[in-house]
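A structural walkthrough
So you can see what is in the structure, the chains are spelled out below.
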Amino acid sequence: MTRSRFGILGFGGYAPERVMTNDEWAEYVDTSDEWITARTGIKRRRVADDRETTVDLAAVAAEKALADAGVSAAELDEIVIATDTPEAYAPDTAAFLQHRLGAGEVTGYDLGGSGCAGFVLALDVGMSRVVQRSRRILVVGVELITRMMDWSDRATCVLFGDAAGAVVLGPAEAPVELLASTAGTDGSQADILARFAGGTRKPFSLEMAERREHLEIAFNGREVFRQAVKRMSEASRDVLEQAGKRIEDVALVIPHQANRRIIDSVRKSLRLGEEQIYVNIEDYGNTGSASVPLALFQAREEGRIEPGDLVLLTAFGAGFHWAAALLQF
Ligand code: UT7
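Residues numbered from 1 in each chain as written. Predicted model: local features only at pLDDT ≥ 70, side-chain atom pairs only at ≥ 80, totals over all residues. Heavy atoms only, no water.

Attention shifts here to helix α3 (residues 54-69). In this model α3 runs 23 Å from its N-terminal to its C-terminal C-alpha over 16 residues, within 8% of the 22 Å that 1.5 Å per residue would give. Looking only at α3, the buried set comprises Thr 54, Val 55, Asp 56, Leu 57, Ala 58, Ala 59, Ala 61, Ala 62, Ala 65, Leu 66 and Ala 69. Buried-residue contacts for α3 involve β1 (6-14), α4 (93-101), β6 (137-143) and β7 (163-171). Downstream of α3 by one or two residues, Gly 70 has phi in the positive range, about 70°. (Helix = DSSP H or I, 4+ residues; strand = E, 2+ residues; numbered from the N terminus. Expected span 1.5 Å × (residues − 1). Buried < 20%, exposed > 50% of the residue type's maximum accessible area, 1.4 Å probe, protein only. Contact = heavy atoms within 4.5 Å.)

Have a look at this one:
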């Protein structure tokens, strides 16, 4: 079988109902709607209900993607989940989702640790597995970040939101094809965007909890900003070159939504028109691994993607990790 007979069959997305505005954040920390809007472009974000956990978010997005694909959970052969806010330390979120969906005893695994680049990386891994084994694979990006962050750290808490996005991959006559993909890692930069608490380098302790370090995100916003623009732009050029396409051929670029100013810088670096780039950060903030698949789902729902369109996904996250994919609708 050739690669062109495989691709994305269905799309799903979900964000919890509760909307939290910038003004509400100003009740918790010393911040303002003006600061958050000017520095990030975020106006509001979704926050999961206390009773919701990661698998609840993932299941809604997954069920929508399965329905869109016309594939039942029982027909799945594999489940891969990109998340850095998993249901449990072990087993992985894929195990909980397999049971929740009523899928068979399939191969299931999480790809964690690559931060906001996780979904695009998982899509690439999933696609190569589909081609190799002619299978139907569910790929999910999900984060319930608001439960795992320090609500008193204004430098990070205002940036994030909760969401999930999913796709179903498999064989079909006219699937959305993956024309090219790329991913990279630079571990020398690990310290400037990381969560160390709970790992072997920094096991949990009572003292740590008393200092609120169990929720700490090590973070150098300015350097992350610079690297995000550079890496997302380079990865985009890489997939275009691999596929022999020009940026003018691309109908829509869907970048990871970390900061409106990062997105604008990527747009300028790639010489894209405003209409060529999808932005939902105003309403959702940074939803980590869920950011790209949620935006992809919404762009399609909103009619921003037509049959025949080239769509470019590009993302950057902890590690540093980065990844890009070029899709042919
Ligand atoms: O995906 C992983 C997380 N996302 C990112 O890392 C995205 C990349 N970075 C960024 O988006 C930006 O660096 C931030 C939005 C995080 C910060 O913007 P910035 O323009 O780099 O601001 P800054 O960190 O240099 O802080 C400027 C000032 C500081 O005060 P002083 O030192 O100038 O007096 C901060 O203490 O803004 C202060 N500040 C805040 N003020 C009000 C930091 N956070 C806040 C806040 N509200 N929430």
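Once the structure has been displayed, the description carries forward.
So, about the pairing of strand β12 (residues 310-317). Of all the eight residues making up β12, eight are buried; the element is thus mostly covered by neighbouring parts of the structure. Burial along β12 is two-sided: Leu 310, Leu 312, Thr 314 and Phe 316 and Val 311, Leu 313, Ala 315 and Gly 317, pointing in opposite directions, are all buried. In the sheet, β12 pairs with strand β13 (residues 321-328) via eight bridges, with the strands oriented antiparallel. Bridging across to β13, Ala 315 finds its partner in Ala 323. Counted between consecutive antiparallel strands, the loop separating β12 from β13 contains three residues, among which Gly 319 sits at a positive phi close to 140°. (Pairing = 2+ DSSP bridges.)

Right, let's talk about the site of the ligand for a bit. In the vicinity of the ligand lie 20 residues, with Thr 31, Arg 39, Phe 219, Asn 259 and Asn 286 positioned nearest. Here a nitrogen atom of the ligand and a backbone polar atom of Gly 221 are 3.0 Å apart. Here an oxygen atom of the ligand sits 2.9 Å away from a polar atom, N or O, in the side chain of Asn 286. Protein contact buries 73% of the 950 Å² of open area that the ligand shows by itself. (Near = heavy atom within 4 Å. Polar contact = N/O pair within 3.5 Å; in protein donor to acceptor, adjacent residues only side chain to side chain. Areas by Shrake-Rupley, 256 points an atom, 1.4 Å probe, with all protein chains shown as cover.)

With mixed pairing, five strands are arranged side by side in an open sheet as β1-β7-β6-β4-β5. With one partner strand each, in any of the chains shown, β1 and β5 (107-111) form the two edges of the open sheet. Within this sheet the neighbouring strands show an average axis-to-axis angle of 15°, counted without direction. Sitting on the sheet, α4 touches β4 (78-82), β5 and β6, and the angle it makes with β4 is about 130°. (Axes fitted to C-alpha atoms, helices over the stretch in contact; angles between N-to-C directions.)

As a further point, take the pattern of salt bridges. Going through the model one piece at a time under the given rule, you end up with 21 salt bridges. Arg 44 serves as the salt-bridge partner of Asp 283, at 2.4 Å between the closest nitrogen and oxygen. Taken together, the positions of Asp 283 in helix α10 (residues 281-284) and Arg 44 in strand β3 (residues 44-46) put the pair 239 residues apart, joining distant regions of the chain. Asp 283 gets classed as partly exposed once you look at its relative accessible area, which sits at 32%. Judged by its relative accessible area of 28%, Arg 44 is partly exposed. Residues joined in a network through salt bridges with shared partners are Asp 186, Lys 230, Arg 231 and Glu 234. (Salt bridge = Lys/Arg side-chain N within 4 Å of Asp/Glu carboxyl O.)

This brings us to helix α11 (residues 291-301). Most of α11 is tucked away, with nine of its 11 residues classed as buried. Among the residues of α11, Ser 291, Val 292, Pro 293, Leu 294, Ala 295, Leu 296, Phe 297, Gln 298 and Ala 299 are the ones counted as buried. The positive-phi residue at the C-terminal boundary of α11 is Gly 303, with phi of around 75°.

Entries for the chain in the domain assignment read domain 1 (3-174) and domain 2 (179-328). Taken over C-alpha atoms, the centre of domain 1 sits 14 Å from the centre of domain 2. With 52 residues of domain 1 at the contact, the number on the domain 2 side is 41 residues. Each partner contributes to the roughly 3,500 Å² buried at the junction of domain 1 and domain 2, and carbon and sulfur atoms together form 63% of this total. (Domains from an automatic or database assignment. Buried area = accessible area lost by both parts, 1.4 Å probe.)

Turning next to the nonpolar core. Core analysis: the largest hydrophobic core is formed by 42 residues, its most contacted members being Trp 25, Val 250 and Leu 326. Of all elements in the fold, only α8 (221-243), α9 (260-269), β12 and β13 reach the threshold of two or more residues within this core. Residue contributions to this core peak at seven residues, all from α8. Each of domain 1 (3-174) and domain 2 (179-328) accounts for three or more of the residues forming this core. With sequence-adjacent residues up to four places away left out, Trp 25 is seen in contact with Met 20, Thr 31, Ile 36, Arg 45, Met 149, Trp 151, Cys 157 and Val 158. Residues Tyr 109, Val 292, Leu 313 and Ala 315 belong to the second largest nonpolar core, which totals 35 residues. (Core = buried A, V, L, I, M, F, W, Y, C linked by side-chain atoms within 4.5 Å.)

Under the criterion given, the structure shown has five aromatic pairs. A connected cluster of aromatic rings, assembled from ring pairs, spans Trp 25, Tyr 28 and Trp 151. (Phe/Tyr/Trp six-rings, centres within 6.5 Å; stacked < 30°, edge-to-face > 60°.)

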